Amino acid sequence: MGANEGRGRTAAARVREVSTPELYRRNPFRIVGLTAAATRREVRERRLRVLGVLEVGGAVPDGVPADATVDEVRAAFDALGNTEHRLVDEVFWTWGLPADCECPLPLHRAHDNAVAAYAAALDAEADRTDDHPTPLWTEAARCWTAVLRSESFWRHLNHRVEKLGDRRLDESTVDGLRTALPDALLAPLIEVATRSAEPRRFTGYLALFGADRHAVEDARAAIADGTYRRVEALLKELRRDLDGNRVQAAAERAIEETAPLLDRLEEVVPRAEFRRTASLSESIAVVANNIGVALAEVRGGPASLIREVFAVARRCSRDPETLEAVARNEVAATADVPAAPPGREPSVARIFGALLHAVAATVFLAFKLPEEVFPAVMFLGAAPAALTNCVVAARPWTTPGRYPALLGLDFVVYLALSPVELPYGVAIAVAAALLYVAPFVRVRRSL
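One structure accompanies this document, and this report is about it. Values in this document were obtained by computation on a predicted structure and should not be read as measured data.

1. Thoughts on the pattern of salt bridges
Enumeration according to the criterion identifies 33 salt bridges in this entry. Its salt-bridge partner being R26, residue E72 comes within 3.3 Å of it at the nearest N-O pair. Remark: R26 occurs in the loop between α1 (3-18) and α2 (28-32) and E72 occurs in helix α4 (residues 70-81); sequence separation between them is 46 residues. You can call E72 partly exposed: its relative accessible area is 30%. You can call R26 partly exposed: its relative accessible area is 33%. Ionic pairing is found between E330 and R314, a salt bridge with its closest N-O pair at 2.4 Å. Separated by 16 residues along the polypeptide, E330 in helix α15 (residues 320-334) and R314 in helix α14 (residues 303-316) bring together distant segments of the chain. Given the relative accessible area of 38%, R314 is considered partly exposed. Overlapping salt bridges bring together E22, R25, D123 and R128 as one network.

Below, the structure written as structure tokens:
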């Protein structure tokens, strides 16, 4: 490997190293309170003043972040003393007005706006500010795209190589930066999106930075990489549970855990566009189908669980042959599942019991309420109550013993309260509780 090629790779490696969500907050120029145009002499003088104050426990000097420690400030000054590091750090910090670089003023302004907007967007994503990140990402992308496409920007970096006067830097260093910077600008965005609960929002920002289609697809795949690995791990665990005859546990995990993972993948790397997503979805469908078949063979396997795990298989697959197999297996697995036994009590008898239940409350209220109040309460409460009871009585899950038990409860409650003087509101509340609440309480046959 030639010396020039090595310098380019060193610069590219440094760019990748610093391209994190802390790219701007940990920039050495920010920590020491200098602009990227600071001379070596200015850096030395600033070091003496700042560290001299901090090391004796003095107040943090102006321009230095309040939360910076002595060790962080010292490390920042050390980084600025390394010209290979400093050149990269200059790229990601404000330049100020052109001095001896002969750059057009709009270039410096666009660059500094890009730095400020990107830094503000990262702060907004980290909840350090209340700013809305979308316009900040848009501005950062617009300015950075213009900067990277400007030959004046690359001439400025070549000028800085000459100005720094280090034999380890030359034009190949700038070539390395030219290669690495487009991906480096996406790296913090990718990392923030990976941690976010709504990664889909960030996929729209990626294309704004001028990256080509392949770079954007690679970035989206990088955002989804952690989710991909969790899905692959889940598949291994489901297969292990299936092989270990832990079928019901496998079914429950497939139902609960696959949907959120696949939904997240679909937001960032939809199966229609990404082969890895489609492949994993089909693999889950096959495993869910196998779990459903195995669960049906378990004595007393819950019918609802069998149907739900086959529903997972149908949701995950787009392959016609797989879907056909899932449908066939589901029919076979659920063919012998007994249906819910019908109620032995005729519907007419249940509805008659419901009407008696409503009549009992009506009689109770007639004795407890004044004549002028009773008609209004009956109109507003008794009619809807009777209808509610009849509707509940007609439901197939209403057990035969429900309304006889409720009528007995009515009798006991009303008999106990008959000699007691009750406020009107209490009487109405008692009747309402028995009319509206009691019919929905499941009553076992033993009652």
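There is more to say, and it comes next.
2. Notes on helix α11 (residues 213-243)
Across its 31 residues, α11 extends 42 Å between first and last C-alpha, which sits within 8% of the 45 Å expected from 1.5 Å per residue. The largest bend along α11 measures about 50° and falls at A224. Put simply, D212 is the residue that caps the front of α11, since its side-chain oxygen is 3.2 Å from the backbone nitrogen of H214. One or two positions beyond α11, positive phi appears at N245, with a value near 60°.

3. With respect to empty space enclosed by the protein
Tallied over the full model, the rule gives one cavity of 30 Å³ or more. Put simply, the largest cavity is a space of about 40 Å³. The element best represented in the lining of the largest cavity is α1, accounting for three residues. Tallied by class, residues from the lining of the largest cavity come to two nonpolar, two polar and three charged.

4. Some remarks on the layout of surface pockets
For the largest pocket, the calculated volume is near 290 Å³. Around the largest pocket, the lining is made up of 19 residues, and of these A36, A37, D100, R160 and K163 lie nearest the centre. Those elements that provide at least two residues to the lining of the largest pocket are α5 (83-91) and α8 (151-164). Ranked by residues supplied to the lining of the largest pocket, first place goes to α8 with five residues. Here the lining of the largest pocket is built from residues that sort into nine nonpolar, four polar and six charged.

5. Details of unusual backbone geometry
Of note, E102 is a non-glycine position whose phi angle comes to about 60°, a positive value. When you line up the elements, E102 lands in the loop between α5 and α6 (105-125). A residue is classified by how much of its surface remains accessible, and E102, at 75% relative accessible area, is exposed. Positive phi is not limited to glycine here, since N245 has a value of about 60°.

Calculation criteria
Residues numbered from 1 in each chain as written. Predicted model: local features only at pLDDT ≥ 70, side-chain atom pairs only at ≥ 80, totals over all residues. Heavy atoms only, no water. Salt bridge = Lys/Arg side-chain N within 4 Å of Asp/Glu carboxyl O. Helix = DSSP H or I, 4+ residues; strand = E, 2+ residues; numbered from the N terminus. Buried < 20%, exposed > 50% of the residue type's maximum accessible area, 1.4 Å probe, protein only. Expected span 1.5 Å × (residues − 1). Bend = angle between axes of the 7 residues up to and from the residue. Polar contact = N/O pair within 3.5 Å; in protein donor to acceptor, adjacent residues only side chain to side chain. 1 Å grid on protein atoms, 1.4 Å probe; cavity = no way out; pocket = protein on both sides within 12 Å on 5 of 7 lines; lining within 4 Å. Points joined across faces, edges and corners; volume = space filled by probe spheres on them. Nonpolar A, V, L, I, M, F, W, Y, C, P; charged D, E, K, R; others polar.

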